[in-house]
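Tertiary structure, described
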Amino acid sequence: MQHKKRPRSDERPKIPAVDDYDFFARCLEEFGESNLFADIETWLVEDNPYRRPLRPHVFKYLDFGKPLAREELLTYTSLTACRTLLTIYESDFILLPRRDLASKRADLDEFYGRRAQVLGAIVRPWLESYLFGFLDDAISISGRWTLSSMREYFESFVAEERRRSDCSMATAILTSDNPQHAARTCLVQLAGDFLLESSAMGRNVGGSYGPLQSEMFKILIDELGYGVHRTRHSSLYEATMESVGLASMPHTYWQFYLTSSLLLNNYYNYVCRNHGRFFRYIGALFQAETGFIEMCRRMADTLRKVFGPGVDVRYFQEHAHIDQHHSRMVFDKMILPAVEMFGEGIIPDIVRGFEEGKFLTGIANQDFLDQVVWSDGSAHWKLLAPAIHRNIEQSREKPKVQRFIEPRGELSVTHVHDGDELCFIQSGIMRFVTGHERSVLLHAGEGTVIRRNRLHGAIIESEECTYDIHSIGDYEQWLS
Amino acid sequence: MAVVTFDPGHARFVKAGSRSFFLSTTDGRVFHLLRTTCPHRGGPLHLGQLDASRGVIRCPWHDNDIPLRCLERDAAPLVMRPGSATAVLPDPGGEPITVDGRLILATQR
Ligand code: FES
Ligand SMILES: [Fe+2]
Ligand SMILES: [Fe+2]
Ligand SMILES: [Fe+2]
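Below you will find a few notes about this structure.

Brief notes about the interface of chain A and chain B
Listed as interface residues are 11 residues of chain A and, on the opposing side, seven residues of chain B. If you sort the residues of chain A by the area they bury against chain B, Lys218(A), Tyr226(A) and His325(A) come out on top, with a joint share of 46%. Between chain A and chain B we count three salt bridges in total. Here Glu318(A) and Arg41(B) are joined by a salt bridge, their closest N and O atoms 2.7 Å apart. Inspection of the chain A/chain B interface yields seven residue pairs in polar contact (both at pLDDT 80 or more). Breaking the side of chain A that touches chain B down by element, the ones donating at least two residues are α11 (211–223) and α15 (314–342) of chain A. Counting residues per element, the side of chain A that touches chain B draws most heavily on α15(A), which supplies seven residues.

What about the coordination of the iron ion (ligand 2)?
A four-donor tetrahedral metal ideally has 109.5 degree angles, and a six-donor octahedral metal ideally has angles of 90 or 180 degrees. All names here are of chain A. Surrounding the iron ion (ligand 2) are the protein donor atoms Glu197 (OE), Glu223 (OE), His233 (ND1) and His319 (NE2), at 1.9 to 2.2 Å. Each of the four donor atoms bound to the iron ion (ligand 2) contributes to angles spanning 80 to 166°, and the resulting shape is irregular. Linear spacing of the donor residues for the iron ion (ligand 2) on their chain is E-x25-E-x9-H-x85-H. Here the iron ion (ligand 3) and the iron ion (ligand 2) are spaced 3.9 Å from one another, each receiving a donor from Glu223. Taken together, the positions of His233 in helix α12 (residues 233–243) and His319 in helix α15 put the pair 86 residues apart, joining distant regions of the chain.

Some thoughts on unusual backbone geometry
Residue and element names in this part refer to chain A. Unusually for a residue other than glycine, Ser198 sits at a positive phi of about 70°. Turning to its location among the elements, Ser198 is positioned in the loop between α9 (179–194) and α10 (199–202). Look at Ser198 and you get buried, because its relative accessible area is 14%. Non-glycine residue His251 carries a positive phi angle of around 65°. His251 gets classed as buried once you look at its relative accessible area, which sits at 4%.

A short note on the coordination of the iron ion (ligand 3)
All names here are of chain A. For the iron ion (ligand 3), every protein donor is listed as Glu223 (OE), Glu289 (OE), Asp323 (OD) and His326 (ND1), and the spread of their distances is 2.1 to 2.6 Å. In primary-sequence terms, the residues that donate to the iron ion (ligand 3) follow E-x65-E-x33-D-x2-H. Relative accessible area serves as the criterion here: at 1%, Asp323 is assigned to the buried category.

About the criteria used
In this convention, every chain numbers its residues from 1, walking through the sequence in written order. Chains carry letters from A onward and ligands carry numbers from 1 onward, assigned in written order. Only residues with pLDDT of at least 70 get local features here, since the model is predicted, and only at 80 or more are side-chain atom pairs given and counted; chain-wide, interface and lining totals rely on the full set of residues. Water and hydrogen atoms were dropped before computing side-chain values, which therefore reflect all heavy atoms in the structure. Residue contacts are defined here by distance: any two heavy atoms, one from each residue, within 4.5 Å place the two residues in contact. Note on terms: buried area is the combined drop in 1.4 Å-probe accessible area of two parts once they are placed together, counting the loss on both. By definition here, a salt bridge exists when the distance from a side-chain nitrogen of Lys or Arg to a carboxyl oxygen of Asp or Glu is within 4 Å. A 3.5 Å cut-off defines polar contacts: any pair of N or O atoms within that distance qualifies, except that in protein one atom must be a possible hydrogen donor and the other a possible acceptor, and neighbouring residues in sequence count only when both atoms are side-chain atoms. Helix and strand assignments follow DSSP, with helices taken as H or I runs no shorter than four residues and strands as E runs no shorter than two, numbered in order from the N terminus. With water omitted from the atoms examined, metal sites may look incomplete; donors here are N, O and S atoms no farther than 2.8 Å from the metal, or 3.2 Å in the case of Na, K and Ca. Geometry assignment treats four donors as tetrahedral when all angles are between 85 and 135 degrees, treats four as square planar and six as octahedral when opposite donors are over 155 degrees apart and all others between 65 and 115, and treats everything else as irregular. Burial classification: accessible surface area is computed with a 1.4 Å probe over protein chains only, and a residue below 20% of its type maximum counts as buried, one above 50% as exposed, and the rest as partly exposed.

See the structure below:
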């Protein structure tokens, strides 16, 4: 039989939705044109899973064309891409409010509507390449991998995990000036994923892929608590949140997710949404299930230490136990049989997923630690402001400055800056917010250093407030 | 308690209220009516894998090897005779006792 010759991919005619950046940028702006994503006047989004502030008015100034570089992972553009991509991914999931659906019906229709679906489908792959393209450079897998070298590699990881006695998240919490706040911040970071636990994984139960499919499903049975609602892992996490006074509705704390937490959450969707990445996913899953065992044991202890016996740690206890099984199940029942069935050629994909998950988890831990330290240092950063301001006034080469005049109640949706900034109040009062229920009050003549990549927002607490934002780049240059 | 007689050639799965049992043997001579519920997380032991030489059933959910010794301690009292079996079951609490021929993997064939 004669096969028709297909053009090679670089000879195929260009199609706007696939190849044209400007077309993407227009679709992204259109996607942002929705009340669902506009700025809001409160810090929390209560019981409305469709409302997600994305600061879409800034979309048109951002460039998503070139993949992020390793040192840009926590920039404003990255944060925006992460918030937007997660919103698109989650339109594949069933999200319903707990109460009063009628008043949110229009939001639901819009969130799942044709417009959002079509635009989301165009925008998603661009954002994926933008966010995760760097992984190809950051992590390289080479050499001739065999079943036994892979086994050796992973077994040494498991042994290392068993010996591990520290958990950087727990350490960040315990060494914070305000461990309770740090612990809540941590729980909020995890909530984005845990309150929808195994939704990304659930993308893998359909299809037809032999015995691996049944193994995947068995893990999901545990995740979903054997159909007993109270024991579903996300239900256990709801109980954890509530036991320390946090809301348990998904994404109540949307504004307080750090870029890295969103990035990690997006990553699992990234490898599950496109089934061409299935082998990467099982590698990432193995890493997650294995790393989770010790992390959960430490978190249970840490939360008890910080909150006392009232905190519900069943979520963490459950995982310290069941993930020992999951780790082994993924390895013995999925990874090994997959290599046997499909050949050693898939090993680099598996190892890649494993390494990528590990790498992004490390980024998330560090970002969390940095945010805690920065937030703990509010008084210090406030103290530095007048001197830096004086130095700016006296210097001949002034950094770029923007003036804002805002009325009472004006809320700046949380965001980050790519360099250090000085926020300085000319008149009125601003509450400068560095986390959920964590803020400093700034009066006229006061200000604060905003460190690069640190999440913050603000709300005006006087009739009017005039303030300046100086883009100082590196605050230390302005100290002497 | 309730007594039920059934044909083990056709039916090997017995339900009395909330508890269920399955008929299992390692040698085709001695039979036990074992609880189906795995002591770990309630996995379906009748769908597990019988390893007669080691005297265990491997649960299909998390692969724990459950010793037959332990399961036999909780087995329902049972009399086997050619063509029929009679078991003494826990009180089904007003619910009917059912016997059926559903798929059982954890037995010698
Ligand atoms: S339920 Fe049987 S081994 Fe877990
Ligand atoms: Fe889980
Ligand atoms: Fe798990
Ligand atoms: Fe800012």
